[in-house]
Amino acid sequence: MIKIDTLQCKACGICGNVCPRHILETIKENGQKTTYISKSRETLCMECGHCQAVCPNGAIALERFRNEQFPEHDSVDFDGEQILEYVKQRRSIRRYRNEPVSRELLDKIINVSRYSPTGTGKRVTGVIVVEDSDIIKKLSALVYEVYEGLDKGLRNPIAKQIIKRKIGNNLVSTLTDFVMPGMRWYIKWYKEGKSNEIFRDCPALLLFHNPVSEPMASENCLIAAYNAHLASQAYGIGSCVNDLIPPACNRNHKARELLKLPKDREIYASITLGYPKYKFKCSIPREFVDVQYL
Ligand SMILES: Cc1cc2nc3c(=O)[nH]c(=O)nc-3n(C[C@H](O)[C@H](O)[C@H](O)COP(=O)(O)O)c2cc1C
């Protein structure tokens, strides 16, 4: 619910202009401008907070927020070139020192990630922070079990057809051609006690979840995970987006229990984290296949 303080409001109309659904409207009647809330669109409010943040006169308040949650910005003194340099130095870090990441640093990384945009404007993303090595160990065993089962299924022509019907041809092709050839080695090395290549022997893990009913669940979680990945580097922590862990956790009821994942939610993105074991001294060329200006 939006409230307009009519004493403060100067009816400049900026709030309605930035509102994605034009819930606030400014009209001129008898030479006098007034801003009001459209009765027919009020229920469309996504509570994004833009109207409150942009109002130059502090005249708008959303019921779900407190005023002190809208502090004025300090100026930020970095430029585009510095951002370019930062993202060029960004790396997916898969090898970690055997050293825990403090709760304080994990909180800082999550604090950056929570400012991520969401598809419907709703704040429905949750994060499971796994910092207990015992839980990572137990979860690892369950995730490898899922992939071992999947490998057996995909090698059996009848089971493969059933899997295809369940998850679709495209995903089966990705699994068969991209995931499983590497995964068979991961399973072998894990069973031999050599390494844990799915979890990369990480000291900490962030799992981002959304309600299954959320239309942009996967995108919301991936963007939040990516921002956490970007932030972690700034705090001296290496991380890597990991798309092997979420589907296996979702499909295994013991993993869901271990993670206390609510029934109506699924994990759509994850990052492994830890202190980087190695330093990358050069950036790597990265190109788009094509950039067209039309
Ligand atoms: C959606 C997505 C999923 C990824 N999943 C994995 C993964 O499961 N395991 C992994 O080691 N790396 C994963 N990565 C990291 C990429 O493989 C990585 O970006 C790539 O190796 C390039 O390295 P860079 O990020 O340092 O540029 C993923 C990245 C993205 C964007």
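Structure report, in brief. Only a predicted model underlies this, so the values are computations on that prediction, with no experimental measurement involved. (Residues numbered from 1 in each chain as written. Predicted model: local features only at pLDDT ≥ 70, side-chain atom pairs only at ≥ 80, totals over all residues. Heavy atoms only, no water.)

## Topic: the site of the ligand
As a matter of local geometry, the ligand sits amid Arg90, Arg91, Ser92, Arg94, Arg200, Cys240, Val241, Asn242, Asp243, Leu244 and Arg286. Between the ligand and Arg200 there is a distance of 2.8 Å, counted from an oxygen atom to a side-chain nitrogen or oxygen. Between the ligand and Asp243, the relevant distance is 3.0 Å, taken from an oxygen atom to a side-chain nitrogen or oxygen of the residue. Surface burial for the ligand is 66%, taken as the share of its 620 Å² of free accessible area covered by protein chains. Per-class residue counts for the shell around the ligand are three nonpolar, two polar and six charged. (Near = heavy atom within 4 Å. Polar contact = N/O pair within 3.5 Å; in protein donor to acceptor, adjacent residues only side chain to side chain. Areas by Shrake-Rupley, 256 points an atom, 1.4 Å probe, with all protein chains shown as cover. Nonpolar A, V, L, I, M, F, W, Y, C, P; charged D, E, K, R; others polar.)

## Overview of the packing of aromatic side chains
This model, assessed by the stated rule, comprises four aromatic pairs. Their ring planes at 5 degrees and their centres at 3.8 Å tell us that Tyr144 and Tyr190 sit as a pair that is stacked. Placement of the pair is Tyr144 in helix 5 (residues 133–155) and Tyr190 in helix 7 (residues 169–191), with a sequence separation of 46 residues. For Tyr144, a relative accessible area of 2% corresponds to the buried category. Between Trp185 and Trp189 the ring centres are 5.8 Å apart and the planes differ by 35 degrees, which places this aromatic pair in the tilted class. Of the two residues, Trp185 and Trp189 both sit in helix 7, four residues apart, roughly one turn of that helix. Classification of Trp185 as partly exposed rests on a relative accessible area of 48%. Chaining the aromatic ring pairs together yields one cluster made of Trp185, Tyr186 and Trp189. (Phe/Tyr/Trp six-rings, centres within 6.5 Å; stacked < 30°, edge-to-face > 60°. Helix = DSSP H or I, 4+ residues; strand = E, 2+ residues; numbered from the N terminus. Buried < 20%, exposed > 50% of the residue type's maximum accessible area, 1.4 Å probe, protein only.)

## Observations regarding empty space enclosed by the protein
Using the criterion set out here, one finds two cavities of 30 Å³ or more in the structure. Of the voids in this model, the largest cavity is the one considered here, and its volume is about 90 Å³. Every residue lining the largest cavity is counted, 14 residues in all, and those nearest its centre are Cys19, Pro20, Cys45, Met46 and Cys48. Here the lining of the largest cavity is built from residues that sort into 10 nonpolar, two polar and two charged. In this model, the second largest cavity occupies a volume close to 70 Å³. Contributing to the lining of the second largest cavity are 13 residues, with Cys9, Cys12, Cys15, Cys55 and Ile60 lying nearest its centre. A class-by-class count of the residues in the lining of the second largest cavity yields nine nonpolar, three polar and one charged. (1 Å grid on protein atoms, 1.4 Å probe; cavity = no way out; pocket = protein on both sides within 12 Å on 5 of 7 lines; lining within 4 Å. Points joined across faces, edges and corners; volume = space filled by probe spheres on them.)

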